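Below, each chain spelled out in residue letters.
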Amino acid sequence: MASIVIASSFAEPKLQPCPSEVKNLPEGTTCWAGQDEAGAYYWVAKPKEWNGNLVLHSHGGPALGKLPKAERAIEDLERWSIWVRSGNALAVTSYRQGGVALMSAAEDTARLLPIASKLVGKTKKVILHGQSWGGGVAARAAEIGGPLSKVEPKIDAVLLTSGVLAGGTKSYDFRLDLRVVWQAICENHPRADEVQYPLWQGLATKDAKMSKEDLTQRVNECLGLNKPEAERSDKQKENLKTIVNVIKIPEKSIQGHLTWATQHFQDIVFNRLDGRNPFGNEHVKYVGSSNDEELNKKVLRYKADPAAVTDFGRDTNPTGDIALPIITMRGINDPIAFVELADTWEKTVAKAGHSSTMVQLYTNDKEHSYLSDAQYIAAMNALVAWIETGKKPTPLEISQKCGMLDSKWHPTTDCRMMPEYKPLPLSSRVPTR
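Bear in mind the structure is a predicted one, so any value in this text is a computation, not a measurement.

*Asks:* Would you explain the state of the cysteines in this entry?
*Replies:* Simply put, disulfide is the name for a covalent bond between the sulfur atoms of two cysteines. All chains considered together, the criterion is met by three disulfides. Paired by a disulfide, C18 and C31 hold their sulfur atoms 2.0 Å apart. Disulfide C18 to C31: torsion about the S-S bond roughly 95°, handedness right-handed. Here the residue C18 occupies a position in the loop between β1 (11–16) and β2 (30–35), and C31 occupies one in strand β2, the gap between them amounting to 13 residues. Here C186 connects covalently by a disulfide to C222, the sulfurs 1.9 Å from one another. On the S-S bond that ties C186 to C222, the torsion sits near -65°, and the link is left-handed. Linking C186 in helix α6 (residues 173–186) with C222 in helix α7 (residues 212–223), this pair joins segments that are 36 residues apart in sequence. Like C222, C186 is buried. Regarding the disulfides, the protein carries the connectivity 1-2, 3-4, 5-6 under sequence-order numbering of its bonded cysteines.

Structure follows, in structure tokens:
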């Protein structure tokens, strides 16, 4: 486990009013806030009608920057208030730093657990919840010998929602594909009169900056996303069709993925890997355009540094070695963390010998950041029952019980589970390399 850098500031947990930004916590909720010994900010919330369970949350993103951001913990207290509204205590952390540093975030999650447990009192069950990139954080934190194995109390189960669970060395390949195909057809990131650099490093240098507005302008120049379809030029329409068909991402997620393939790649390469390249596309054949032969001639080719791939994987690739009940859940049309990542994760868990302790759920959703209150509650209820009875639930049973939830959770409209669904391999969407 990586060494923990101690922050210059440390704030003992204080009982204080719940953040005014968080509008939907139950009346009578008790909140505490503080900053841990490594500098991460945290909030802990306990409802008046507490069921005795604690949800320890690992957030997604990740945000960038060296310093922790207090507002990040507040954002997650708001987004994941469902856990408090359904009777659980909730603990959230900002992490001690930004950037694609997965194991340090796993350590920060683990560091919060004894703090939160002491604040809320003796717990019945502790459930670790990871969302999006935080799914990978939680998966690593929960591994045998991982950060959570070194603290008390012990967690009882793991819930991973919309998780990036194929590891950095597989989950981000398509973003390099986006950068090289983008440059082949748009030729504006970088522009011809700007410094040319390998696209795998995100930007030209460690200190280079690109504003959101600048990148948005480049996107709109090439694709016309700021205009109704009827007002886009024929070239913009063709460019958009090429990106959507070749990279297999929906129009609405192009801007986000291009941003991450810029800023996150810069962080990964310069802040995590000393300028080395973990991404390659030497032999990838790109298909789906109006002229694949011409496209592939124009695409820039890169060879990954094997040592960089190893080091990046050491930090970001979950091993699946989790000897606890695990439930995962994701929308089948998630535009950010593709449903096919779940097939890779299933193989990872099987290789580690823990298939018998995992259930994967799929929902008829096209969102990433939040699915529905009812579906989250159904998954959590299934986990708690699994812990208490020792009986592994089936996707069908969880789906049926979702439909039987109290009407206040809107189960008739918000339970969209697809118990028979099976994802295709990641290679069906992202070319293997």
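*Asks:* What exactly am I supposed to notice about the packing of α7 against helix α9 (residues 254–272) here?
*Replies:* Between two packed helices, the angle of one axis relative to the other and the distance separating the axes together describe the packing. Two numbers describe how α7 lies on α9: the axes approach to 11 Å, and their chain directions differ by 130°. The pairing of α7 with α9 is recorded here as oblique in orientation. By crossing handedness, the relation of α7 to α9 is classed as right-handed. Contact with α7, carried on its side by L215, T216, V219 and L223, involves I254, Q255, L258, T259 and T262 of α9 and no other residues of that element. Here the contact of α7 with α9 is built from residues that sort into five nonpolar, four polar and no charged.

*Asks:* Explain the pattern of salt bridges to me, please; I cannot follow it from the model alone.
*Replies:* Any two side chains of opposite charge can pair if their charged atoms end up close together. For the structure on display, the rule yields 27 salt bridges. Between E107 and R96 there is a salt bridge, with its nearest N and O atoms 3.2 Å apart. With a gap of 11 residues between them, E107 in helix α3 (residues 102–120) and R96 in the loop between β5 (89–93) and α3 connect regions that are remote in the sequence. A relative accessible area of 3% places E107 in the buried class. R433 is the partner of D173 in a salt bridge, and the nearest nitrogen-oxygen pair spans 3.6 Å. Highlighted residues: D173 in helix α6 and R433 in the segment after α15 (411–414), separated in sequence by 260 residues. When its relative accessible area of 9% is taken as the criterion, D173 is described as buried. In this structure R433 comes out as partly exposed when scored by relative accessible area, which is 38%. Overlapping salt bridges, with partners in common, bring together D36, R96, E107, D108 and R111 in one network.

What counts, and at which threshold
Residues numbered from 1 in each chain as written. Predicted model: local features only at pLDDT ≥ 70, side-chain atom pairs only at ≥ 80, totals over all residues. Heavy atoms only, no water. Disulfide = S-S within 2.5 Å. Helix = DSSP H or I, 4+ residues; strand = E, 2+ residues; numbered from the N terminus. Buried < 20%, exposed > 50% of the residue type's maximum accessible area, 1.4 Å probe, protein only. Axes fitted to C-alpha atoms, helices over the stretch in contact; angles between N-to-C directions. Parallel < 35°, antiparallel > 145°, perpendicular 65-115°, else oblique. Left-handed = near helix turned anticlockwise from the far one by under 90°. Contact = heavy atoms within 4.5 Å. Nonpolar A, V, L, I, M, F, W, Y, C, P; charged D, E, K, R; others polar. Salt bridge = Lys/Arg side-chain N within 4 Å of Asp/Glu carboxyl O.

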